[in-house]
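Spelled out, the chains give:
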Amino acid sequence: MSKMLHKFRGTLVGALVGDCLGSNYEGVSSTLPWGEVTDYTLKRIKDEKEPIHYTDDTAMTRAICKSLTEEKKYDNRSIAKAFVQEFFKEPDRGYGAAVGTVFKRLRDTNPEDVTLPARSQFDGQGSYGNGAAMRISPVALYSRSSSEVQKVRNENALITHAHINGVNGAVLQAEAVFKALPLEPPNLNTDKFIDDLLEVAKKLEEEYEESSKEKEDSGHISTSSPQKKPFSYFKKLKEMKELLNKGETLEPETVVETFGNGIRAEEAVPAAIFSFLHKGRESFQESVNYAISLGGDTDTIASMAGAISGAYWGVNEIPELWKSKCEGVEEAIEFANKIFELKEERKDDE
Ligand code: R7I
Ligand code: MG
Ligand code: MG
Ligand code: MG
């Protein structure tokens, strides 16, 4: 099997197992003892008779895969339709509390512009939840270049998340997966990885500054709700670099104090990238267990860490036990195969 196909499968299966295993703890307020997490993921699940179910994180990832492979191209309208179909088929997969309203509006009003319903969420600010980031890995697989990642992830995020912090979180998660794909384990250059992401984050902030300036110049300034400055992923990544270079064992409590572990993209995305860089350099398994041990939005942080780590390590490095216990592994592999083929075909169009 080609190395890259192995990594495509690793990405989607990695995201899936992180979601399934992490969902056992979603919402715990504190960090979890390492022993508790490993006892669950490496021992207790052996006795599970039923498959461990995936949640909305995977349901939405699968919807993107389904649309990409059916259309054989990226089409935002088709993706929005796939989200809506998936949501109404299985609304109890643990979706965020507000996103259902977006799907209902999409279904009932069928707007020309599919990003319209998301923009009216939260008094017109849009959602800053991590829901755009958690599902973004197929976009990273499909894209041929970093600029394509950026264009497509933007469109994709806006279907449900209009808030800049939600969109930018999705950008960074997509870039992290994209950049992990060509790397050859086990020698991970952490500084280089963060520096590349810092560059992306810097560009995002410059773009935002420019567009706000343009709006100001053209008199489009909203007096009723002044736009707060967006969260700086750039600053957070700088902090991450410093923390990783300290070279000490990092207590999960310190890590959670630094990044948070919540449902906001600005917390969950850095926590996931950190889990990969801190532990994913050792093994796939460690990065997912570590992400879960941070507590909070465990299914989502583990799923995003799993996607990056799976892109890095490839599917064979994902524990057999996890692959045998989680629901939907075969479909994830099939989607990875198809997106891989699609990407190979698109290479010829370049
Ligand atoms: O972002 P989203 O898809 O949720 C994803 C999370 C993951 O943990 C999944 O595993 C699942 O459990 O949910 O869904 P949204 O409903 O858009 O956002 C999630 C929540 O973040 C919302 O329900 C709000 O509680 C909160 N939130 C906000 N609160 C105040 N103001 C998001 N945006 C805002 C806001 O602007
Ligand atoms: Mg979930
Ligand atoms: Mg939830
Ligand atoms: Mg979650």
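Residues numbered from 1 in each chain as written. Chains lettered and ligands numbered in written order. Predicted model: local features only at pLDDT ≥ 70, side-chain atom pairs only at ≥ 80, totals over all residues. Heavy atoms only, no water.

Asker: A description of the site of ligand 1 should follow, citing residues and the corresponding values.
Answerer: In the vicinity of ligand 1 lie 21 residues, with E26, D57, S127, H161 and D297 positioned nearest. In this structure, D56 approaches ligand 1 through a side-chain N or O atom, which is 3.2 Å from an oxygen atom. At a separation of 3.4 Å, an oxygen atom of ligand 1 approaches a polar backbone atom of G96. Residue assignment for the shell around ligand 1 shows that the elements contributing at least two residues are α3 (56-71) and α16 (298-313). Considering only residue class, the shell around ligand 1 consists of 7 nonpolar, 9 polar and 5 charged. (Near = heavy atom within 4 Å. Polar contact = N/O pair within 3.5 Å; in protein donor to acceptor, adjacent residues only side chain to side chain. Helix = DSSP H or I, 4+ residues; strand = E, 2+ residues; numbered from the N terminus. Nonpolar A, V, L, I, M, F, W, Y, C, P; charged D, E, K, R; others polar.)

Asker: Summarise the coordination of the magnesium ion (ligand 2); cite the residues concerned and give the values.
Answerer: Looking at the magnesium ion (ligand 2), one finds its protein donor set to be T55 (OG1), D56 (OD), D57 (OD) and D299 (OD), positioned 2.1 to 2.3 Å from the metal centre. One chain supplies every donor to the magnesium ion (ligand 2), and in sequence these donors are spaced T-D-D-x241-D. For the pair the magnesium ion (ligand 2) and the magnesium ion (ligand 3), the metal-to-metal distance amounts to 5.1 Å. In this pair, D57 is assigned in helix α3 and D299 in helix α16, connecting sequence segments 242 residues apart. (Donors = N, O, S within 2.8 Å, 3.2 Å for Na, K, Ca; no water.)

Asker: Can you break down the coordination of the magnesium ion (ligand 4) residue by residue, with the values?
Answerer: Around the magnesium ion (ligand 4), the protein contributes the donor atoms E26 (OE), D297 (OD), D299 (OD) and T300 (OG1), which lie 2.0 to 2.3 Å from the metal centre. One can describe the site at the magnesium ion (ligand 4) as octahedral: its 6 donor atoms subtend angles covering 80 to 176° at the metal. Mapped onto the sequence, the donors of the magnesium ion (ligand 4) take the spacing E-x270-D-x1-D-T. Between the magnesium ion (ligand 4) and the magnesium ion (ligand 2), a spacing of 3.6 Å is present, and a bridge between the two is formed by D299. We note that D297, like D299, is buried. (Tetrahedral: all angles 85-135°; square planar, octahedral: opposite > 155°, others 65-115°. Buried < 20%, exposed > 50% of the residue type's maximum accessible area, 1.4 Å probe, protein only.)

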